[in-house]
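Analysis of the macromolecular model
If you want the building blocks of each chain, they are given just below.
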Amino acid sequence: MGRADTVAAFAPGSVVLHVGLPKTATSTLQRSVEASREALAADGAVPLWSDGRNNHLAFQLAAEGSRTSSELLAPMSDALGTPGARRFLLSAEVISRFQRAQIRRVLDRLPGEQVQVVVTLRSIAGLIGSNWQERVKAGREESFEDFVPRVLEDPSLLDTDRATRPDADGSLTFERWAELVGPENVTVVVLPPSDRGYVLRTFEALLGAQAGVMTGEDVNASLSWDQIEFVRALNGRLTHLGNRVERSNLVREGVCLALMQQPEGREAAGPSITLPGSAAAEVQRAACAYADRIRATGVNVIGDLDVLASASACVSDGPLPSPAVVSVETAAHALAGLVRRAERRLSPAEDAPIYTALPPAHIEGTLSSASPRWVSRHLRRRAAPRALVHVALPETIGGLVTSAVLRLPWDGRGSLHVGNAAAPVGSQPHLTRGSQSYFGGEDAWRLRSHEIRELIDSLPRERTALVSVPHPQVALTRMWWKSILAGSSVDWADFVSMHLDPSNASRLPEGLGAAPRVLADWAEAVGAERVVVQVEQVATPRDVTAQLSSLLGLMDEAPVVFSVPARDLRLPTSAQLELLHRAQRLLKGSISDAHREQVLIAGAAEAVLRNESGQAMPCALLSDACASRLRELDAELERTLRELEANGATVVTAGKADAASCDQWSEDIPVKEAIDALAGAAHVVTGHIAVATG
């Protein structure tokens, strides 16, 4: 058994075929060969592939005659004619899966009589974890706990894909090649676990190149246990989306590649994949049997076969649990990788990409027969015509309800008619003396005292103003969320400082501090006793619409249902906000605005907000100065509300009353919520990919 520094070069004219196995430093070798192409050629060693198309070339060599491409084989022919070339190399781990018929076709297409096959191996315990990881990357859902006993029973699973190759006979890669080229032309290289450069030095020697010609780092880093379990959970959610090949491409080349390229590195992402200690004895038995099969074939061996049975670094005391949470940073990189890969995979011939919208499952706000006592007591007077003016300040669910109600075909209902409170009084198309008239509008809160008086003078004498007011901190959180939806990459701390920090010259955002003025103007115009204030704390659509039902005069009517997208109605948790914000920051400048809107917003954001597993709270402030300014706004609103109540106004709260219980920042997000986001994005794009490539 030779060492890397004592290995003899193959004979001149040899074609060296490196066939893997996968996860045995193959990517490190291939990247280094391409980076050192000129230096290797100067030593007479010439790669047969270019531009990273080594696996493409291998598939072409193994393809049946009608499937070959002269375009892909041409670079190999050019390389074989390189002046001064003495040895040639093709490194492609996909060859480890080839069966005998494919191997024969490869040999028929390779020139010359001297083909030298090199198989790289490492510890069987490490290979088991790596092999399972590669299967998960390719879209499989099988758990590690189920895979381990299968591979221990049948070691050929380490280098062949038995699930898709039913003709596999249980033979190992080196056995098939030894049978067809002779054991003297097959070399097994066993890589020591602690020497990352061993594979490069060994191939320098085999190719007759100078020592140190090839340099490189471990470019195909493994995912951590938490990361790969996250990917496996994603696979389970994507089984029904798109075709299998494109779905696998999104996961492997989008999600997994992004996770491996995280700046924090694998060490920061959690523990490595390890075998349970109960399997250690079985692993050693399987490794010894594997080594015996190598010896039995009579192939050449470089390295120590005992390394195959080493397992100390790959075994833990017990099985690792599937994580319930994943770091926000990991989830954001995964989401950004999927979105970025999806845009790359769109057909270039497609002038106007067609995205597949999520199934229509918008949050439904139902204006039903709920009739709280306070509404009946103040407003249910059937004897006289009534007018209700709904004044919704920005960042309220009530404002969205107003917009939705104004779009409904109320004319046919007979008892409730709609007008726009912000339009000129003389232009109202639905002013009526029916049982009730409803006036609303997104800009009604902007009306000043004289405009309000001009409006109410034209309404029935019994008129009521409903004012929807957001809690200041809830409003600020909603504003940041809207900025994310609009494409901003400003983080929460900077956003708050921009609007609240006294040292900044910018004034308060429009509407944030307007509640006291709006309430005072409407109370003066209609009388405080005819004002109902709905203060939205952390409210759900159900909280708000249950209160609005009675105000709209629908107690004796059939329910009216309207739909608004979840991303407009629901307030995300701080972890959900950070996930989408960080993903957007990672994608900034690398995708089109249209793709961002369709995939990240209409896909990921919409999907994650359909998950009602947790109640969102306003985000905690990170600056004492900003917190102090917000407390001032809160106190001013509270004083105004108490004064109105003292003069006969009704003040009610929608949602949780304690908005001061803020959502503290967490670096983790539940796996289910992160998967919801990725599955939503994948749904939008897999339908398009199926159309574009089909």
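Rules and cut-offs
Residue indices follow the written sequence of each chain, beginning from 1 at its first position. Totals for whole chains, interfaces and linings use all residues, but because this is a predicted model, local features are given only for residues with pLDDT of at least 70 and pairs of side-chain atoms are given and counted only at 80 or more. Excluding hydrogens and water, the side-chain figures rest on all heavy atoms present in the structure. Any two strands between which DSSP finds at least two bridges are classified as paired. A run of DSSP states H or I qualifies as a helix once it reaches four residues; a run of E qualifies as a strand once it reaches two. Both are numbered from the N-terminal end. Between N-to-C directions, angles cover 0 to 180 degrees, with each direction set by a line fitted to C-alpha atoms, over the stretch in contact for helices. Contacts were defined at the residue level, with two residues in contact if any of their heavy atoms lie within 4.5 Å. Take the number of residues in a helix, subtract one, and multiply by 1.5 Å to get its expected span. Accessibility here uses a 1.4 Å probe with only protein chains present; expressed as a share of the type maximum, an area under 20% marks a residue as buried, one over 50% as exposed, and anything in between as partly exposed. When describing relative orientation, an angle under 35 degrees is termed roughly parallel and one over 145 degrees roughly antiparallel, while 65 to 115 degrees is termed roughly perpendicular and anything else oblique. Left-handed describes a crossing whose near helix is turned anticlockwise from the far helix through less than a right angle; right-handed describes the clockwise counterpart. Whether a set of points on the 1 Å grid over the protein atoms alone is a cavity depends on a 1.4 Å probe fitting there but being unable to get out, while an open set qualifies as a pocket with protein on both sides within 12 Å along at least five of seven lines; lining residues are those with an atom within 4 Å of a point. Grid points are joined across faces, edges and corners, and a volume is the space filled by probe spheres set on the points. Residues are grouped as follows: Ala, Val, Leu, Ile, Met, Phe, Trp, Tyr, Cys and Pro are nonpolar; Asp, Glu, Lys and Arg are charged; every other residue, Gly included, is polar. Residues grouped as a nonpolar core are buried Ala, Val, Leu, Ile, Met, Phe, Trp, Tyr and Cys residues, joined through side-chain atoms within 4.5 Å. Each polar contact in these results corresponds to two N or O atoms within 3.5 Å; when the atoms are within protein, one needs to be able to donate a hydrogen and the other to accept it, and residues that are neighboring in sequence are counted only if both atoms are side-chain atoms. Note on definitions: salt bridges are taken to be side-chain nitrogens of Lys or Arg within 4 Å of carboxyl oxygens of Asp or Glu.

Side note on the sheet that holds strand β4 (residues 115–121)
Pairing is parallel in the open sheet, where six strands are placed in the order β2-β3-β1-β4-β5-β7. Strand pairing shows two members of the sheet lacking a second neighbour, β2 (45–47) and β7 (300–302), which therefore form its edges. Strand-to-strand twist in this sheet, taken as the mean axis angle between neighbours without regard to direction, amounts to 25 degrees. Where β2 meets strand β3 (residues 87–91), three bridges bridge the pair, whose relative direction is parallel. Paired with alanine 45 across the two strands is arginine 87, which belongs to β3. Across the sheet, helix α1 (residues 26–35) is in contact with β1 (14–18), β2, β3 and β4; its angle to β3 comes to roughly 135 degrees.

What about the environment of histidine 18?
Mapping histidine 18 onto the fold places it in strand β1. Each C-alpha atom of the pair histidine 18 and phenylalanine 203 lies 9.7 Å from the other, and the pair is 185 residues apart in sequence.

What about helix α17 (residues 472–485)?
Note that an α-helix has 3.6 residues per turn; residues three or four places apart therefore point the same way. Look at α17: 20 Å from first C-alpha to last across 14 residues, which is about the 20 Å you get at 1.5 Å a residue. Burial analysis of α17 places 13 of its 14 residues in the buried class, which makes it a mostly covered element. Directly beyond the C-terminal end of α17, a positive phi value near 110 degrees is found at glycine 487.

Regarding the packing of α17 against helix α18 (residues 492–500)
Where α17 contacts α18, the two axes come as close as 11 Å, and the packing angle between them is 120 degrees. The angle between the axes of α17 and α18 places the two elements in the oblique class. For the pair α17 and α18, the sense of crossing is right-handed. For the pair formed by α17 and α18, the contact residues are Leu476, Thr477, Met479, Trp480 and Ser483 on the first element and Trp492, Phe495, Val496 and Leu500 on the second.

Some words on the environment of leucine 466
With respect to the helices and strands, leucine 466 occurs in strand β14 (residues 462–470). Taking the C-alpha atoms as reference, leucine 466 lies 4.8 Å from histidine 390; in sequence the two are 76 residues apart.

Some remarks on empty space enclosed by the protein
All chains considered together, the criterion is met by five cavities of 30 Å³ or more. In this structure, the largest cavity spans a volume of roughly 80 Å³. Lining the largest cavity are Val469, Pro470, Pro472, Gly511, Leu512, Gly513, Ala515, Pro516, Leu633, Glu636 and Leu637. For the lining of the largest cavity, the secondary structure elements donating two or more residues are β14, α19 (515–526) and α24 (624–646). Per-element tally for the lining of the largest cavity: the top contributor is α24, with three residues. When grouped by side-chain class, the residues that make up the lining of the largest cavity number eight nonpolar, two polar and one charged.

So, the nonpolar core
Core analysis: the largest hydrophobic core is formed by 148 residues, its most contacted members being Ile95, Ile128, Trp177, Ile294, Leu308 and Leu335. Among the elements that line this core, the one with the most residues is helix α25 (residues 671–693), at ten residues. With 28 residues, the next largest nonpolar core counts Val535, Leu637, Leu641 and Val651 among its residues.

Comments concerning the side chain of glutamine 116
Looking at the element boundaries, glutamine 116 is found in strand β4. At 3.1 Å, the side chain of glutamine 116 forms a polar contact with the side chain of asparagine 185.

With respect to the pattern of salt bridges
Scanning the model with the defined rule gives 23 salt bridges in all. Where arginine 596 meets glutamate 597, a salt bridge forms, and the shortest distance between an N and an O atom there is 3.8 Å. On the basis of relative accessible area, arginine 596 is assigned to the buried category, the value being 12%. Via salt bridges that share partners, Lys23, Glu134, Lys137 and Arg252 belong to a single interconnected network.

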